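Coordinate analysis (summary)
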Amino acid sequence: MKYTYILFYKPYNVLCQFTDDSPHNTNRETLKNYIDIPNIYSVGRLDLDSEGLLLLTDNPRVKHRLCEPSFAHPRTYWSQVENIPSPQALQKLQQGVVIQGKKTKNAMAKLMTEEPQFPLRNPPIRYRREIPTTWIQLTLTEGRNRQVRKMTAAVGHPTLRLIRVKIGINAHHELTLSGLQLGQWRKLTDIEQKNLEQL
């Protein structure tokens, strides 16, 4: 059976599903506003207020393999946070912080030396002249609810903007935002698809 695999650059304030089942009828954008392919579903989720890389497929085995925590597939995020995290704060992120009574798994966390070049968010984040911001790179192998935001808040640096930039497939291959503009999608290349299906 031939499966479909889509990479999508999700904008801010787009719901990570094809229908909005909110009872409040908020007219939020969904994946349907951008992707007209039937019977595919997102592999993992990005919150409404998060941006970046989303993989969609109709292959349930690949979805299970990438989402099941025991397989520990890495996902990399760039997070714009308030103030400048100290080495001690970064070490706490790396070693795990307690969220709702449970410690997060070890992660990779580092300061980014340059501000990444992304389209301005709409609406823009709230800037305060007296509080600087910086970007950190976080790579996680678990996907708890709003985990990056809760982790950075736990070490005193609330996340202002969050963008997922990579999804690891195996030790040598990863999916990235490269070549995608905000709101665009593309099918996986043959090589990317082969690496996924070898999982």
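Just above sits the structure.
Before going into details, it helps to say that this report is about the structure given with it. (Residues numbered from 1 in each chain as written. Predicted model: local features only at pLDDT ≥ 70, side-chain atom pairs only at ≥ 80, totals over all residues. Heavy atoms only, no water.)

**Here we look at the overall build of the protein**
Looking only at helices and strands, the protein features 4 helices and 13 strands. Relative to a compact globule of 199 residues, whose C-alpha radius of gyration would be 16 Å, the protein shows 17 Å and is just as compact. Across the 199 residues that make up the protein, the buried fraction comes to 44%. Across the protein, the 28 positively charged side chains and the 18 negatively charged ones have centroids separated by 5 Å. (Helix = DSSP H or I, 4+ residues; strand = E, 2+ residues; numbered from the N terminus. Rg over C-alpha atoms; globule rule 2.2 N^0.38 Å. Buried < 20%, exposed > 50% of the residue type's maximum accessible area, 1.4 Å probe, protein only. Lys, Arg positive; Asp, Glu negative; His and termini not counted. Charge placed at Lys NZ, Arg CZ, Asp CG, Glu CD.)

**A closer look at empty space enclosed by the protein**
Where empty space is left in the structure can be found by rolling a water-sized probe over the atoms. Under the defined criterion, the tally for this structure stands at 1 cavity of 30 Å³ or more. Along the walls of the largest cavity sit Glu 82, Arg 126, Tyr 127, Arg 128, Ile 131, Thr 133 and Leu 160, which together make up its complete lining. (1 Å grid on protein atoms, 1.4 Å probe; cavity = no way out; pocket = protein on both sides within 12 Å on 5 of 7 lines; lining within 4 Å. Points joined across faces, edges and corners; volume = space filled by probe spheres on them.)

**Notes on the environment of Pro 74**
Looking at the secondary structure, you find Pro 74 in the loop between α1 (60–67) and β6 (75–82). Along the primary structure Pro 74 and Lys 32 are separated by 42 residues, whereas in three dimensions their C-alpha atoms are 27 Å apart.

**Notes on the packing of aromatic side chains**
Going through the model one piece at a time under the given rule, you end up with 3 aromatic pairs. Each ring, one from Phe 8 and one from Tyr 34, has its centre 5.4 Å from the other, and the planes form 50°; the classification is tilted. Placement of the pair is Phe 8 in strand β1 (residues 5–10) and Tyr 34 in the loop between β3 (29–30) and β4 (41–42), with a sequence separation of 26 residues. By relative accessible area, Phe 8 is classed as buried at 0%. Just above the ring of Tyr 12 sits the side chain of Arg 121; from NZ or CZ to the centre is 4.0 Å. (Phe/Tyr/Trp six-rings, centres within 6.5 Å; stacked < 30°, edge-to-face > 60°. Lys NZ or Arg CZ within 6 Å of the ring centre and 35° of its normal.)

**Description of helix α2 (residues 87–95)**
Residues of α2 that are buried include every one of Ala 89, Leu 90 and Leu 93, and no others. Across the axial projection of α2, the buried residues extend over an arc of 100°, all falling on one side. Every exposed residue of α2 that faces more than 90 degrees away from the buried side is listed here: Pro 87, Gln 88 and Lys 92. Those residues of α2 that are buried are in contact with β9 (108–111), β10 (133–140) and α3 (147–154). Directly beyond the C-terminal end of α2, a positive phi value near 105° is found at Gly 96. (Arc of directions from axis to C-beta. Contact = heavy atoms within 4.5 Å.)

In short, geometric facts, not functional conclusions.
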